[in-house]
Every structure is written in structure tokens, then in C-alpha cells.
Amino acid sequence: MHKTTAIYPGSFDPPTNGHLDLIERGSKIFDELIVAILRNPDKDPLFNVSERVAMLEALTGQYSNVRVDTFDGLTVDYADRVGASSVLRGIRALSDYEYELQMALMNRKLRPELETVFMMPAEKYSYLSSRLVREVAQLGGSVKGLVPELVEQNLRGKLDPAFKLGEFPHDTRSESRKFRARKKA
Ligand code: PNS
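Draft legend 1. Summary view of the site of the ligand. Neighbouring the ligand are the residues Gly10, Ser11, Leu38, Gly73, Leu74, Thr75, Arg89, Tyr99, Met103, Met106 and Asn107. Contact between the ligand and serine 11: an oxygen atom at 2.6 Å from a side-chain N or O atom of the residue. When the free accessible area of the ligand is taken as 540 Å², the share hidden by the protein chains comes to 74%. No other element matches the four residues that helix α4 (residues 94-110) contributes to the shell around the ligand. Among the residues making up the shell around the ligand, the classes are represented as five nonpolar, five polar and one charged.

Draft legend 2. Local environment of the pairing of strand β3 (residues 66-71). As judged from the six bridges shared by strand β2 (residues 32-38) and β3, these two strands associate in the parallel manner. Of the residues in β3, the one forming a bridge with alanine 36 is aspartate 69. In the classification by handedness, the crossover that spans β2, the intervening helix α2 (residues 49-60) and the parallel β3 is right-handed.

Draft legend 3. Layout of the side chain of arginine 111. With respect to the helices and strands, arginine 111 occurs in the loop between α4 and β5 (115-119). Judged by its relative accessible area of 12%, arginine 111 is buried. Residue contacts for arginine 111: discarding those within four places in its chain leaves Val76, Ala79, Asp80 and Ala84.

Draft legend 4. Main features of the pattern of salt bridges. If you walk through the whole model with that rule in mind, you get 14 salt bridges. Across the pair glutamate 113 and arginine 111 runs a salt bridge whose closest N-O atoms are separated by 3.3 Å. Each of Lys3, Glu32 and Arg67 takes part in one network of salt bridges that share partners.

Draft legend 5. Quick peek at the environment of tyrosine 127. In this structure, tyrosine 127 sits in the loop between β5 and α5 (130-138). Looking at tyrosine 127, the relative accessible area reads 52%, which means it is exposed. Filtering out sequence-adjacent residues up to four positions away, tyrosine 127 remains in contact with Leu132 and Leu146.

Draft legend 6. Focus on the confidence of the model for the protein chain. Summary statistics for the protein chain give a mean pLDDT of 88 and a share of 86% for residues scoring 70 or more. Considering only residues more than four positions removed or in separate chains, one finds that residues 165-185, a stretch of pLDDT under 50, has 25 contacts.

Draft legend 7. A look at the environment of alanine 6. Locating alanine 6 in the fold gives a position in strand β1 (residues 5-10). Taking C-alpha positions, alanine 6 is 9.6 Å from leucine 114, a pair spaced 108 residues apart along the chain. For alanine 6, the contacting residues outside a window of four places in its chain are Phe30, Glu32, Leu33, Ile34, Ala84 and Ser86.

Draft legend 8. Broad picture of unusual backbone geometry. For the bond from aspartate 13 to proline 14, the omega torsion is 5 degrees, close enough to zero to count as cis. Structurally, the position occupied by proline 14 is in the loop between β1 and α1 (17-29). At phenylalanine 12, a residue that is not glycine, the phi angle is positive and equals roughly 50 degrees. As for its position among the elements, phenylalanine 12 is in the loop between β1 and α1. Taking the relative accessible area as the measure of exposure, phenylalanine 12 reaches 2% and is therefore buried.

Rules used in this analysis
Residues numbered from 1 in each chain as written. Predicted model: local features only at pLDDT ≥ 70, side-chain atom pairs only at ≥ 80, totals over all residues. Heavy atoms only, no water. Near = heavy atom within 4 Å. Polar contact = N/O pair within 3.5 Å; in protein donor to acceptor, adjacent residues only side chain to side chain. Areas by Shrake-Rupley, 256 points an atom, 1.4 Å probe, with all protein chains shown as cover. Helix = DSSP H or I, 4+ residues; strand = E, 2+ residues; numbered from the N terminus. Nonpolar A, V, L, I, M, F, W, Y, C, P; charged D, E, K, R; others polar. Pairing = 2+ DSSP bridges. Right-handed = clockwise from strand over helix to strand, strands pointing away. Buried < 20%, exposed > 50% of the residue type's maximum accessible area, 1.4 Å probe, protein only. Contact = heavy atoms within 4.5 Å. Salt bridge = Lys/Arg side-chain N within 4 Å of Asp/Glu carboxyl O. pLDDT = per-residue confidence, 0-100.

Structure follows, in C-alpha cells:
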């Protein structure tokens, strides 16, 4: 029987619960789903590519038909290399549509046989983006419930090395306030 492989390309910096929601949905409709992290040397990411691979591998380990990979260059060329017939992308709100439509149509122009499949994450994640998660975390806000616990911990470790080293064992301030206090210092 013909096996359908899809790629789910993105930056995943960091992976959010919205991404995982989409991965779960995608894993149900494709035989194989490859979460493909763009290696983009132009960007200044919060998590490097290896950190993002490690997080996504840990977070998708329960899906036997999902694997994590990295790519650079065109998405359509990567899809070709791994034998994928579809590109999975999430659409959260109308505001995503224009950018996603442009990308899907450009990809179609470059490789007409590659289909873009749009799926909607659960509405509770409709406002969620990696950019906002980064911003909120960097400014000391809570991202609980927006990202998996593993990502939440890694964000804390990344943004507040003192938290990782356990420098505040007797400090009763909340982690976010500690972070702000350290930033001011
Ligand atoms: O999660 P993101 O950052 O919105 O993902 C964007 C991504 C990686 C899907 C897009 O930037 C992309 O496909 N980049 C690879 C280069 C490419 O193929 N560009 C032409 C797309 S029309």
C-alpha cells in the first residue's frame, strides 16, 4: 500500500502546546510525519537546533510514526529528499491565512505535486506563538499551560541560569520575580 509521508516544517523556537496539538493531529492522518526544524543561520534563536531537536524528540517519543529532523534550503527540496507528498501547517486565526497562503502557493509553484495540508490546533491555543512565548518568558511572565513542562523548565534554565544552578534555595520570591530582579541587577 502507498505510504503517505508529510513534513511539518517550522522554527519551533521553542515548541509550544499548539505545535504538539498539530503533531498529534497530523500523526493520525499521515502514515509518517517528519517534524522538520529549519536550520536558519541568519536568525538568532533562543534555543539552538540541537536543543530544539532534543526537546521535540522527547515530546513526540510516544508517536511511533513521528520523527524529528532538521533541514536547510527550500522546504520543497527537503520534502523531495525525504519522499514527502504533503506539507503540514497550522492555521490559528485569519491573520495566519495570508502568509500561509503565500507560502503554500509559492511551494506549489516550485513543486506542484506537493500538497500543503492546513490543520487547526485546538482553539485554546489559537493565540499561541513561539514568539509570544519567548517574549513572555524573557520578560519574566508565566508560560505554564502554553508549552510542555520540559520546555518550561528549559526556558527557565536558559533565561535564568541561577535557577538551573539552584542559587535561590531559600528565596521565597516567585521565579519570574527573581528573574526580573536579576535582570535589573
Ligand atoms: O514556524 P515558521 O517559522 O513559521 O516556519 C516557516 C518555514 C520554516 C515553514 C518557512 O520559513 C520555510 O519553509 N523556510 C524554508 C525556505 C523556503 O522554502 N522558503 C520558501 C517558502 S515559500
